[in-house]
Amino acid sequence: QVQLVESGGGLVQAGGSLRLSCAASGSIFRFDAMGWYRQAPGKQRELVATITGGVITNYADSVKGRFTISRDNAKNTVFLQMISLKPEDTAVYYCYLHRPLENQDYWGQGTQVTVSS
């Protein structure tokens, strides 16, 4: 089993930046798919960014050019660097991991990001 713990959320003004971290209790395998999702009040959870194999990244159109996903395998941690934040980015951000070998999905408990205008 894997446990994911997010951190780094907070309150920032529009145009500001934050870096979210997701620490895994166990090792992150290179073939694991990991990502960040977010859910705003009254809206469905949506994909923000993913990283697969440690090299292949994908981003939602709304965050391209502003968010960067990366991971440090040695530290069992995934990051989401967010710049030029907008009020529309306000949401709870969740770390996600899919382990193909186990066919299991894991979710963190979420960290709140609030962007004021």
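Here is what the cut-offs are and how they apply
Every chain is numbered independently, its residues counted from 1 as its sequence is written. In keeping with the model being predicted, local features are shown solely for residues with a pLDDT of at least 70 and side-chain atom pairs are shown and tallied solely at 80 or more, while totals for entire chains, interfaces and linings include all residues. Side-chain measures were taken over the full set of non-hydrogen atoms in the model, leaving aside hydrogen atoms and water. Runs of E in the DSSP output that reach at least two residues are strands. Runs of H or I that reach at least four are helices, and both are numbered from the N terminus. Every radius of gyration here is taken over C-alpha atoms, with the globule rule written as 2.2 Å times N^0.38, N being the number of residues. Only protein chains enter the accessibility calculation, which uses a 1.4 Å probe. A residue is then buried if its area is under 20% of the maximum for its type, exposed if over 50%, and partly exposed in between. Throughout, a contact is declared for two residues whenever any of their heavy atoms are within 4.5 Å. In this description, accessible areas are obtained by the Shrake-Rupley approach with a 1.4 Å probe, and a residue is regarded as covered only by the protein chains that are shown. Only four residue types enter the tally: Lys and Arg on the positive side, Asp and Glu on the negative side, with His and both chain ends excluded. Positions of charges follow a simple convention, taking NZ of Lys, CZ of Arg, CG of Asp or CD of Glu. Two cysteine sulfurs form what is called a disulfide whenever their separation falls within 2.5 Å. Paired strands, as defined in this entry, are two strands with at least two bridges between them according to DSSP. Here an angle of 0 to 180 degrees is reported between the N-to-C directions of two axes, which are lines fitted to C-alpha atoms, with helices fitted over the stretch in contact.

1. Considering the overall build of the protein
Move 1: Counting its regular elements, the protein contains zero helices and 11 strands.
Move 2: Walking the protein from its N terminus toward its C terminus, one meets helices and strands in the order β-β-β-β-β-β-β-β-β-β-β.
Move 3: The C-alpha atoms of the protein give 13 Å as radius of gyration, which agrees with the globular expectation for 117 residues (13 Å, within 12%).
Move 4: Taken along the three principal axes of its C-alpha coordinates, the protein extends 45 × 25 × 25 Å.
Move 5: Here the protein holds 117 residues, and the buried ones make up 41% of them.
Move 6: Taking as baseline every contact in the protein between residues at least 6 positions apart, the subset at least 24 positions apart corresponds to 54%.
Move 7: When the accessible surface of the protein is totalled, it reaches about 6,300 Å², and 47% of it is carbon and sulfur.
Move 8: For the protein, the centre of its 11 positive side-chain charges and the centre of its 9 negative side-chain charges are spaced 4 Å apart.

2. Describing the side chain of Arg99
Move 1: Counting through the fold element by element, Arg99 comes out in strand 9 (residues 91-99).
Move 2: Assessed through its relative accessible area of 5%, Arg99 is described here as buried.
Move 3: Beyond its immediate sequence surroundings of up to four residues, Arg99 is in contact with Val2, Ser27, Ile28, Phe29, Asp32, Gln104 and Tyr106.

3. A closer look at the state of the cysteines
Move 1: The final tally for this structure, using the stated rule, is one disulfide.
Move 2: Two residues, Cys22 and Cys95, share a disulfide whose sulfurs are 2.1 Å apart. Of note, the bridge from Cys22 to Cys95 carries an S-S torsion of about -85 degrees and is left-handed in sense. Of this pair, Cys22 sits in strand 3 (residues 18-24) while Cys95 sits in strand 9, placing them 73 residues apart in sequence.
Move 3: On the basis of relative accessibility, which here comes to 0%, the residue Cys22 falls in the buried class.

4. Considerations on the pairing of strand 6 (residues 56-59)
Move 1: Both strand 5 (residues 46-52) and strand 6 contribute to a ladder of four bridges, which runs antiparallel. Paired with Thr50 across the bridge in strand 6 is Asn58.
Move 2: Adjacent in sequence and paired antiparallel, strand 5 and strand 6 are bridged by three residues, among which Gly53 carries a positive phi angle near 65 degrees.

5. Quick word on the sheet that holds strand 8 (residues 77-82)
Move 1: What the four strands build is an open sheet, ordered 1-3-8-7; its pairing is antiparallel. Edge positions in the open sheet fall to strand 1 (4-7) and strand 7 (67-72), since each of these has one partner strand only. Sheet twist, expressed as the average angle between the axes of neighbouring strands with direction ignored, equals 15 degrees.
Move 2: Bridge analysis of strand 1 against strand 3 gives four bridges, and the strand direction is antiparallel. Following the sheet pairing, Glu6 is matched in strand 3 by Cys22.

6. Describing unusual backbone geometry
Move 1: Positive phi, close to 55 degrees, is recorded for Asn76, a residue that is not glycine.
Move 2: Relative to the helices and strands, Asn76 is located in the loop between strand 7 and strand 8.
Move 3: Exposure remark for Asn76: the relative accessible area of 16% places this residue in the buried category.
Move 4: Backbone geometry at Asn103 places phi at a positive 50 degrees, although glycine is not the residue there.

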